[in-house]
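Understanding the architecture of this molecule
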Amino acid sequence: MAPHYEVVVVGLGAMGASTLYQLAKRGVQACGIDRFSPPHSQGSSHGATRITRLSVGEGPAYVPLVTASHRIWRELERELDVPLFEACGVLVMTSTDDPGESDFTQSTIAIANNYGIPHEVLDASEIRARFPQFAPIRDDAVGYLEPSGGYVRPEACIDAQLTLAQRLGAEVKLGTDVTGIASENGKVVISTKDGTIVADRAIVSAGMWTADLLGDPFDRLLTVYRQKLYWFKVAEPSKFAATSPSFILIHGPTLEEASYGFPPVPGEGSMKIATHQHSTATLPEELDRQVSPWSATLCTKPMLMATFLGSLLKWWTPRCARTLSRLMAGSSSTSIRRLVVSLL
């Protein structure tokens, strides 16, 4: 007879691990399944650091979610005695004459004002005085500084939540490929290469594999985008790390002209820089996970990152220490709203 659970969580990255942990805390008979062994580098929940801040410029709906997450990170740290959340602050800056229709920094400031989130608004001279590594910004630059933000360690966060979920009674099946998900007689039937699992409910958080697993309409709504992460050597890592928050820089009107980065992690001597792109799609089976390291000089590459680093940062060097790819399964907010309305 197929094993039966109240809830099965398919995919145990950042979303799936947290979901399984919260179910286990509530006493739900739950099982988590992943085709790999998380934390791993095959999806999007890796890369050593992730920015977290209470005022998320993408929209106010995130405020209660992030507020709760900060509380959960501290709870997990106390429970397991592991560092998960570094509150080094977050600095969001606009340094361009064309920030687009909606200036991300101004949106972030507006949300912080509406929700009473402690912050400071800095002009260019104040940014330069407080954070000299950003001295090359434009004279009309504007910054939003949120002291309570910073970064989390995604791999450690996933591991912590899976550890506690299992302590609380949840089962975890790793190295298990899910081949199909179907509704039968009011139950959810999850087919895997190792057999069948039955659940009252299923939560699918499979990232770039979600569209294939769920089919219509998700196969039309969700698109996979490859993101590239770079770590560049810093000439004075101790000076940089001592004064640097995590940061987001808007230096043009499009998504590809928004970059983000982190202070050097202790012992590494390099800073992580990345962008988001939603113009070139890929498929899981076609993905090239190798990233060209730009090891000699950025000047030979007509890349936006070179322009960004050269015009904004002090103390960085064009020597690339390492690179990673990660994947995002995305959709327009309009498409998701239409889907939700159609399902209600």
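Residues numbered from 1 in each chain as written. Predicted model: local features only at pLDDT ≥ 70, side-chain atom pairs only at ≥ 80, totals over all residues. Heavy atoms only, no water.

1. Looking at the overall build of the protein
Helix and strand counts for the protein stand at 10 helices and 18 strands. Intrachain contacts of the protein at a sequence separation of at least 6 include 73% that bridge at least 24 residues. Just so you have it, the protein exposes about 16,400 Å², and 53% of that area is on carbon and sulfur atoms. (Helix = DSSP H or I, 4+ residues; strand = E, 2+ residues; numbered from the N terminus. Contact = heavy atoms within 4.5 Å. Areas by Shrake-Rupley, 256 points an atom, 1.4 Å probe, with all protein chains shown as cover.)

2. As for the pairing of strand 13 (residues 223–234)
Of all 12 residues that make up strand 13, nine are buried, and the element is covered over most of its length. Looking at chain direction, strand 13 and strand 17 (residues 281–282) are connected through two bridges and run antiparallel. Of the residues in strand 17, the one forming a bridge with Val224 is Thr282. Two strands pair when backbone bridges link them, and strand 13 and strand 16 (residues 270–275) are joined in this way by five bridges, in the antiparallel orientation. (Buried < 20%, exposed > 50% of the residue type's maximum accessible area, 1.4 Å probe, protein only. Pairing = 2+ DSSP bridges.)

3. Section: the confidence of the model for the protein
Chain-level pLDDT for the protein is 87 on average; 88% of the residues reach the 70-or-more range. Every residue in residues 294–304 scores below 50 in pLDDT, and together they form 20 contacts with partners more than four places removed in sequence or on other chains. For the stretch residues 332–344, pLDDT sits under 50, and the model shows five contacts to residues farther than four places along the chain or on other chains. (pLDDT = per-residue confidence, 0-100.)

4. So, the side chain of Asp103
Mapped onto the secondary structure, Asp103 falls in the loop between strand 5 (90–94) and helix 3 (104–115). Salt bridges are absent for the buried Asp103, whose nearest opposite-charge side chain, Arg138, sits at 10 Å. Among the polar contacts listed, one links the side chain of Asp103 to the side chain of Thr94, at a separation of 2.7 Å. (Lys, Arg positive; Asp, Glu negative; His and termini not counted. Salt bridge = Lys/Arg side-chain N within 4 Å of Asp/Glu carboxyl O. Polar contact = N/O pair within 3.5 Å; in protein donor to acceptor, adjacent residues only side chain to side chain.)

5. A word on helix 2 (residues 62–80)
A turn of α-helix holds 3.6 residues, and therefore any two residues three or four places apart point the same way. Taking 1.5 Å of rise per residue, 19 residues should cover 27 Å, and helix 2 covers 27 Å from first to last C-alpha, within 8% of that figure. Among all positions of helix 2, only Val63, Val66, Ser69, His70, Ile72, Trp73, Leu76 and Glu77 are buried. On the buried face of helix 2, the contacting elements are helix 1 (14–25), strand 3 (50–52), strand 4 (85–86), helix 3, strand 8 (150–152) and helix 5 (154–167). Positive backbone phi, approximately 55 degrees, marks Asp81, located one or two places after helix 2. (Expected span 1.5 Å × (residues − 1).)

6. With respect to the packing of helix 2 against helix 5
Close contact between helix 2 and helix 5 brings their axes to 11 Å; oriented N to C, the two are set at 65 degrees. Here helix 2 lies roughly perpendicular to helix 5, going by the angle between them. In this structure, helix 2 crosses over helix 5, and the sense of that crossing is left-handed. Contact residues: helix 2 offers Trp73, Leu76, Glu79 and Leu80, while helix 5 offers Cys157, Ala160, Gln161, Thr163, Leu164 and Arg167. Residues of the contact of helix 2 with helix 5, tallied by class, amount to six nonpolar, two polar and two charged. (Axes fitted to C-alpha atoms, helices over the stretch in contact; angles between N-to-C directions. Parallel < 35°, antiparallel > 145°, perpendicular 65-115°, else oblique. Left-handed = near helix turned anticlockwise from the far one by under 90°. Nonpolar A, V, L, I, M, F, W, Y, C, P; charged D, E, K, R; others polar.)

7. Describing helix 5
Across its 14 residues, helix 5 extends 20 Å between first and last C-alpha, which sits within 8% of the 20 Å expected from 1.5 Å per residue. What helix 5 keeps buried is the set Pro154, Cys157, Ile158, Ala160, Gln161, Leu162, Leu164 and Ala165. Directly beyond the C-terminal end of helix 5, a positive phi value near 110 degrees is found at Gly169.

8. Topic: the sheet that holds strand 11 (residues 187–192)
The strand order across the open sheet built from six strands is 9-2-1-12-11-10, with neighbouring strands paired in mixed fashion. Sheet topology places strand 9 (171–173) and strand 10 (178–184) at the edges, where each strand pairs with a single neighbour. Pairs of neighbouring strands in the sheet enclose a mean axial angle of 40 degrees, with direction left out of account. Against the sheet, helix 1 engages strand 1 (4–10), strand 2 (30–33), strand 9 and strand 12 (195–204), with an angle of about 155 degrees to strand 1.

9. Observations concerning the packing of aromatic side chains
Tallying each qualifying case throughout the model produces five aromatic pairs. Between Tyr230 and Phe232, the ring centres sit 6.0 Å apart and the planes meet at 20 degrees, which makes this aromatic pair stacked. Residue class for Tyr230 comes out buried when judged on its relative accessible area of 4%. By relative accessible area, which is 0% here, Phe232 ends up buried. Both rings, one in Tyr260 and one in Phe262, keep their centres 6.0 Å apart while their planes meet at 80 degrees; by these two values the pair is edge-to-face. Geometry around Trp231 places Arg322 over its ring, the cationic atom sitting 3.8 Å from the centre. (Phe/Tyr/Trp six-rings, centres within 6.5 Å; stacked < 30°, edge-to-face > 60°. Lys NZ or Arg CZ within 6 Å of the ring centre and 35° of its normal.)

10. Some points on the pattern of salt bridges
The final tally for this structure, using the stated rule, is 13 salt bridges. Here Arg71 makes a salt bridge to Glu75, at a shortest N to O gap of 3.1 Å. Here the residue Arg71 and the residue Glu75 both occupy positions in helix 2, the gap between them amounting to four residues, near one helical turn. What makes Arg71 partly exposed here is its relative accessible area of 46%. Given a relative accessible area of 24%, Glu75 falls into the partly exposed group. When the shortest N-O distance is used, the salt bridge between Asp177 and Lys193 registers 3.3 Å. One end of the pair, Asp177, is in the loop between strand 9 and strand 10; the other, Lys193, is in the loop between strand 11 and strand 12, with 16 residues separating them in the sequence. Judged by its relative accessible area of 62%, Lys193 is exposed. Here the salt bridges share partners, and the residues they tie into one network are Lys25, Arg71 and Glu75.

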